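# Topology and contacts: notes
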Amino acid sequence: MTSFHRSASLDLGDPLGDIIDVGGRRVHVVTMGRGAPTVWLENGWLGTTLGWGSFQAALAAHTRVCAYDRAGIAYSDPSTSDRSAQSEADEFAALLDALGETEPIIILAWSGGGPVAQIFAADHPERVAGLILMDGIPPGYDLWATQTYPNRYPRERFERMELARRFAEKAAAKSLTKEDIAEWITPATLEQYGDRYLKLLLNNPNYWWTYYWQNQYIIASDAQARSKGKLGDLPLTVIVATQDCWGDEPYSQSLGRMWRALQYSQARLSTRGMALSVEAGHALFRDRPEAVISAALDMIETIAAQKK
């Protein structure tokens, strides 16, 4: 059975940024830089504020940049809501309300943050000045993969969920080790933050339970994002990672091709959408930070030109 804990009761160390009260739930936010529009970083699954590291600082040289930990991740309390993309988008709206953020923002969303950002932009068009989807999970992908490979893809997702469940149980029992999660650790984040980073993974069962439930709701999240339809004339940039990291077997190659094809098709969500191919792996902001920052600055210029 899932057993969530308030983040303050766990040995996670001191947060990097500020703890914001959002309806009685603690949410961790890191803010850097000055200027407008503010760029909000929407993380991927299992991503934390620590993971943005030097990228956030580099982008903050040009404008104000905020990162936050979604419910159950790192220093943020878990939520009683389900872990679907719609619930996470609603929680992001509540966070902006709690902060008094009223000016339209740019959302730069990575991986599992893609559907969350797309739903938020559709639900709150007046709050979004621009949207950048950075190798985000494209709506339709998991449904396609499940239907195309029914004997393999659902099994592999179930195996990942079961592994996350075991990690959560071991973390709650204070027996999860660095060796247990070696393949799940991001080397760049470990190098920058060391034990501070490891505490967020080893001492936080919420972290693994959140990933477990995000996987449980992946098909529902897919349907939620697809149901929103188009985004009008919202400035939209879809950054596609073209480096092939999917493996050599036909099954893996097929998954990679569909992932990229659906990425490109997302540019059609807006009449002002465009796709940008970048030779990089999935973590574009670490592999090619200059390309992502350039895309963000181009969008800021586009938004500024609209106001003239």
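Note: the structure precedes this text.
Everything in this summary refers to the structure shown in the same document. From a predicted model like this one, the values you see are computed outputs, not experimental measurements.

Turning next to empty space enclosed by the protein. Inspection of the entire model under this criterion finds four cavities of 30 Å³ or more. In this model, the largest cavity occupies a volume close to 60 Å³. Lining the largest cavity are Trp 45, Arg 83, Ala 85, Glu 88, Gly 112, Pro 115, Val 116, Ile 137, Gln 214, Ile 218 and Ser 221. Listed by contribution, the elements that provide at least two residues to the lining of the largest cavity are α2 (85–99), α3 (113–123) and α9 (218–227). Looking at side-chain class alone, the lining of the largest cavity contains six nonpolar, three polar and two charged residues.

Each pocket or cavity is described by its volume, and for the largest pocket that value is around 1200 Å³. Along the walls of the largest pocket sit 43 residues, with Trp 45, Trp 110, Ser 111, Tyr 211 and His 282 positioned nearest its centre. Only α4 (141–148), α5 (153–172), α6 (187–193), α8 (205–216), α10 (250–266) and α11 (284–287) provide two or more residues apiece to the lining of the largest pocket. It is α10 that provides the largest number of residues to the lining of the largest pocket, a total of five residues. Here the residues of the lining of the largest pocket are counted per class, giving 21 nonpolar, 14 polar and eight charged. Volume-wise, the second largest pocket comes out at about 220 Å³. Together, 13 residues line the second largest pocket, and Ala 36, Pro 37, Thr 38, Glu 103 and Pro 104 are the ones closest to its centre. Tallied by class, the residues present in the lining of the second largest pocket amount to six nonpolar, three polar and four charged.

Going residue by residue along strand β3 (residues 39–42), you find Val 39 and Leu 41 tucked away on one face and Trp 40 and Glu 42 tucked away on the opposite face as well. In this view, the connection linking β3 to its parallel neighbour strand β4 (residues 65–68) by way of helix α1 (residues 49–59) has right-handed handedness. Of the strand pairs in this sheet, β3 and strand β5 (residues 105–110) are connected by four bridges, and their pairing is parallel. Residue pairing in the sheet places Val 39 in a bridge with Ile 106 of β5.

Basis of the calculations
Starting afresh in each chain, residues are numbered from 1 along the sequence in its written order. With the structure being a predicted model, the display of local features is reserved for residues of pLDDT at least 70 and the display and counting of side-chain atom pairs for 80 or more, all residues being used for whole-chain, interface and lining totals. The side-chain figures draw on all heavy atoms in the structure; neither hydrogens nor water molecules are used. Buried and open spaces are told apart on a 1 Å grid over the protein atoms alone, a cavity being a set of points where a 1.4 Å probe fits but cannot get out and a pocket being an open set with protein on both sides within 12 Å along at least five of seven lines. Residues with an atom within 4 Å of a point are the lining residues. Grid points are joined across faces, edges and corners, and a volume is the space filled by probe spheres set on the points. Secondary structure elements are taken from DSSP: a helix is a run of H or I of four residues or more, a strand is a run of E of two residues or more, and numbering for both begins at the N terminus. Gly is put with the polar residues, along with every residue not named as nonpolar or charged; the nonpolar set is Ala, Val, Leu, Ile, Met, Phe, Trp, Tyr, Cys and Pro, and the charged set is Asp, Glu, Lys and Arg. Burial status follows relative accessibility: with a 1.4 Å probe on protein chains alone, a residue under 20% of its type maximum counts as buried, one over 50% as exposed, and anything between as partly exposed. With the strands aimed away from the viewer, a crossover counts as right-handed if its path from the first strand over the helix to the second runs clockwise. Note: two strands are recorded as paired if DSSP finds a minimum of 2 bridges between them.

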